Amino acid sequence: MTYGIDRFLQNGLEAWAGKNIALVTNQTGMTSSFQSTIDALNEADSIRLTKLFACEHGIRGDVQAGVHVEDTTDPKTSLPVYSLYGPTKKVSTELLEDVDAIFFDIQDVGVRFYTFLATVKNVMEACVETETAFVVLDRPNPIAPLVSGNVLDIAYTSFVGPYELPVSLGLTVGEYARLLQKELFPDADLHVYEVGNWNRSMWGEDWQQPWIPPSPNIPHFTTTLYYPISCFVEGTNLSEGRGTTKPFEWIGAPWFKQEKVMEHFSRKELPGMELVPAFFTPNMSKHQGDLCQGVQLVITDKEELDVARLGFELLHTIFAVHHGEAQWLEPFKEGMHPFIDLLWGTDEVRKGINQGLSFEEVSVDWQAGLEDWKRRTDSILLYS
């Protein structure tokens with residue numbers, strides 16, 4: 001398998017000869033032979049790499065989730081690095097006055113609330129405003145076979161829900177950019193350098209390439225399977241395993257009732273995943289330093305996963321068992337939606353769980369949304 005950066009270096013340099021290039025990337029931006037995309041573009045004689053842009057977690061992946069990234073200078077290339085995850089998450093159009101094209105090369109995980117998708121949308125918008133080309137050096141989606149969940153209600157657009165997407169969208173970044181071009185930015189000068197020898201039936205473990213963590217709490221390919229299920233726990237007062245060796249695989253709290261949770265969840269008879277007991281002490285984030293009782297999510301058959309349903313049923317179980325102890329986090333700022341609503345892209349899940357409604361009652365429109373999603377994306381797919 002070859003990445004978009006490989007394809008670009010093989011046959012794309014001539015088309016961009018003499019151009020001033022900016023690059024949005026992080027530690028996952030590298031060739032299949034492990035050369036950094038920053039270095040590869042900086043060393044190319046025919047183009048001029050003039051500046052770098054950093055998303056959440058920083059240009060080298062050394063910043064924890066939610067922590068602002070500062071403007072800085074890349075110590076290896078001495079290129080200026082401008083933050084896209086600070087007080088503002090937009091691209092200043094002034095920074096594009098001397099740029100012919102912005103290149104994007106970051107490994108995504110195929111989930112709506114992973115913030116790199118919001119950055120793509122913001123960068124494309126700035127490119128359209130300044131008539132700057134946007135070039136995606138594409139990478140595969142590690143959970144491409146999974147398309148699941150409700151399509152976001154536009155009223156709940158946020159940095160963890162940038163557009164009307166399902167929970168797991170089944171697209172690569174290049175395909176997602178093509179969707180944005182089709183539906184939002186028809187004037188975008190978009191170019192996608194495709195992945196070679198990959199198709200959307202492949203899981204990350206089939207790539208025959210090592211997994212480079214795109215953020216500190218997605219350390220393994222397997223984490224990408226758990227993330228769209230248990231990330232919803234971030235909207236509660238439980239730990240989602242941050243600060244442990246199994247983020248998003250372990251969830252719990254000091255007051256968590258293991259046996260009752262496992263019994264309640266097992267009665268749902270959901271395929272593809274089981275719960276087993278776990279004990280852990282997070283060294284950061286929620287319940288830092290406290291021994292948590294909890295459960296470990298164990299995927300038994302990834303082909304059977306409905307990640308959005310599993311995420312719903314996990315929350316449904318937690319709140320059914322822990323009356324008064326399990327709570328939704330309050331909005332981060334006055335006037336904002338609760339974080340759980342931003343993650344789900346709707347308030348119907350939170351309200352439904354509070355009322356004791358079943359998944360079938362809450363998700364009545366989800367399948368129609370997924371069928372419409374298929375119609376929306378059929379024309380922009382790049383891979384069989």
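The coordinates are above.
Here the structure is a predicted model, which is why all the values come from computation and not from measurement. Here, residues in each chain are numbered from 1, in the same order as that chain's written sequence. Totals for whole chains, interfaces and linings use all residues, but because this is a predicted model, local features are given only for residues with pLDDT of at least 70 and pairs of side-chain atoms are given and counted only at 80 or more. Side-chain measures here rest on the full set of heavy atoms in the structure, leaving out hydrogens and waters.

Draft legend 1. Representation of the overall build of the protein within the structure. Looking only at helices and strands, one finds eleven helices and ten strands in the protein. A globule of 384 residues ought to have a C-alpha radius of gyration of about 21 Å, and the protein, at 21 Å, matches this closely. Referenced to the eigenvectors of the C-alpha coordinate spread, the extents of the protein come out at roughly 65 × 45 × 45 Å. Working definition: with a 1.4 Å probe on protein chains only, accessible area under 20% of the residue-type maximum means buried, over 50% means exposed, and in between means partly exposed. Expressed as a percentage of its 384 residues, the buried residues of the protein come to 60%. Counting 29 positive and 54 negative side-chain charges, the protein places the averaged centre of each group 1 Å from the other. Secondary structure elements are taken from DSSP: a helix is a run of H or I of four residues or more, a strand is a run of E of two residues or more, and numbering for both begins at the N terminus. For the radius of gyration, the atom set is restricted to C-alpha positions; the globular benchmark scales as 2.2 Å times the number of residues to the power 0.38. Charged residues are defined here as Lys and Arg on the positive side and Asp and Glu on the negative side; His and the ends of the chain fall outside this count. Here the site of a charge means NZ on Lys, CZ on Arg, CG on Asp, or CD on Glu.

Draft legend 2. Expanded view of the pattern of salt bridges. The term salt bridge refers to a side-chain nitrogen of Lys or Arg lying within 4 Å of a carboxyl oxygen of Asp or Glu. Using the criterion set out here, one finds 20 salt bridges in the structure. For K51, the salt bridge identified is with D98, shortest N-O distance 3.0 Å. Placement of K51 in strand 2 (residues 48–54) and of D98 in the loop between strand 4 (80–83) and strand 5 (101–105) is noted, with a sequence separation of 47 residues between them. With a shortest N-O distance of 2.8 Å, D341 and R350 are connected by a salt bridge.

Draft legend 3. Summary view of the packing of aromatic side chains. Stacked, tilted and edge-to-face pairs are distinguished by plane angle, under 30 degrees for stacked and over 60 for edge-to-face with tilted covering the rest, among Phe, Tyr and Trp rings (Trp via its six-membered ring) whose centres lie within 6.5 Å. Counted by the stated rule, this structure contains 20 aromatic pairs. With centroids separated by 5.2 Å and ring planes inclined at 85°, the aromatic side chains of F8 and Y193 adopt a geometry described as edge-to-face. Of this pair, F8 sits in helix 1 (residues 4–11) while Y193 is found in strand 7 (residues 190–193), placing the two residues 185 residues apart along the sequence. Look at Y193 and you get buried, because its relative accessible area is 15%. An aromatic cluster is built from F113, Y114, F116, Y227, F232, F248, F312, W344, F359 and W366, whose rings are joined through pairwise contacts.

Draft legend 4. Broad picture of the sheet that holds strand 2. Being paired, for any two strands, means DSSP has found at least two bridges between them. Taken in spatial order, the seven strands line up as 3-4-2-1-5-6-7 in an open sheet, and their pairing is mixed. Edge positions in the sheet fall to strand 3 (72–73) and strand 7, since each has one partner strand and no second. In terms of strand pairing, strand 5 meets strand 6 (residues 133–137) through four bridges, oriented parallel. What sits directly across from F104, in strand 6, is V136. Contact between two residues is taken to exist if any of their heavy atoms lie within 4.5 Å; hydrogens are not considered. Axis definition: a line fit to C-alpha positions, over the contact stretch in the case of helices; interaxial angles, taken between N-to-C directions, run 0 to 180 degrees. Docked against the sheet, helix 1 engages strand 5, strand 6 and strand 7, running at close to 100° with respect to strand 7.

Draft legend 5. Broad picture of the environment of L343. Note on placement: L343 falls in helix 8 (residues 339–344). Classification of L343 as buried rests on a relative accessible area of 1%. Taking C-alpha positions, L343 is 20 Å from T172, a pair spaced 171 residues apart along the chain. Ignoring anything within four residues of it in the chain, the contact list for L343 reads R112, F113, V160, C231, F232, E234 and G235.

Draft legend 6. Here's a closer look at the layout of surface pockets. Considered as a void within the structure, the second largest pocket measures approximately 200 Å³ in volume. Here a cavity denotes a set of grid points, spaced 1 Å apart and computed over the protein atoms alone, in which a 1.4 Å probe fits but from which it cannot get out, and a pocket denotes an open set meeting protein on both sides within 12 Å along at least five of seven lines; residues with an atom within 4 Å of a point are reported as lining. Along its surface, the second largest pocket is lined by N150, V151, D153, G345, T346, E348, V362, D365, W366 and G369. Note on residue categories: nonpolar means Ala, Val, Leu, Ile, Met, Phe, Trp, Tyr, Cys or Pro, charged means Asp, Glu, Lys or Arg, and polar means any other residue, Gly included. By residue class, the composition of the lining of the second largest pocket is three nonpolar, four polar and three charged. Grid points are joined across faces, edges and corners, and a volume is the space filled by probe spheres set on the points.

Draft legend 7. Region of the structure containing the nonpolar core. As used here, the term nonpolar core means buried Ala, Val, Leu, Ile, Met, Phe, Trp, Tyr and Cys residues forming a set that is joined through side-chain atoms within 4.5 Å. Judged by nonpolar contacts, the single largest core of 123 residues is most densely connected at I102, F103, F134 and W344. Contacts of F103, omitting those with residues within four sequence positions, involve F8, W16, I21, A22, L23, V24, L41, V135 and L137.

Draft legend 8. Examining the pairing of strand 10 (residues 292–299) more closely. The element strand 10 is largely enclosed, with a buried count of six among its eight residues. Pairing geometry for strand 8 (residues 250–253) and strand 10, over four bridges, is antiparallel. Each residue of the ladder has a partner; that of A253, found in strand 10, is Q293. The sheet contact formed by strand 9 (residues 273–280) and strand 10 spans eight bridges and is antiparallel.

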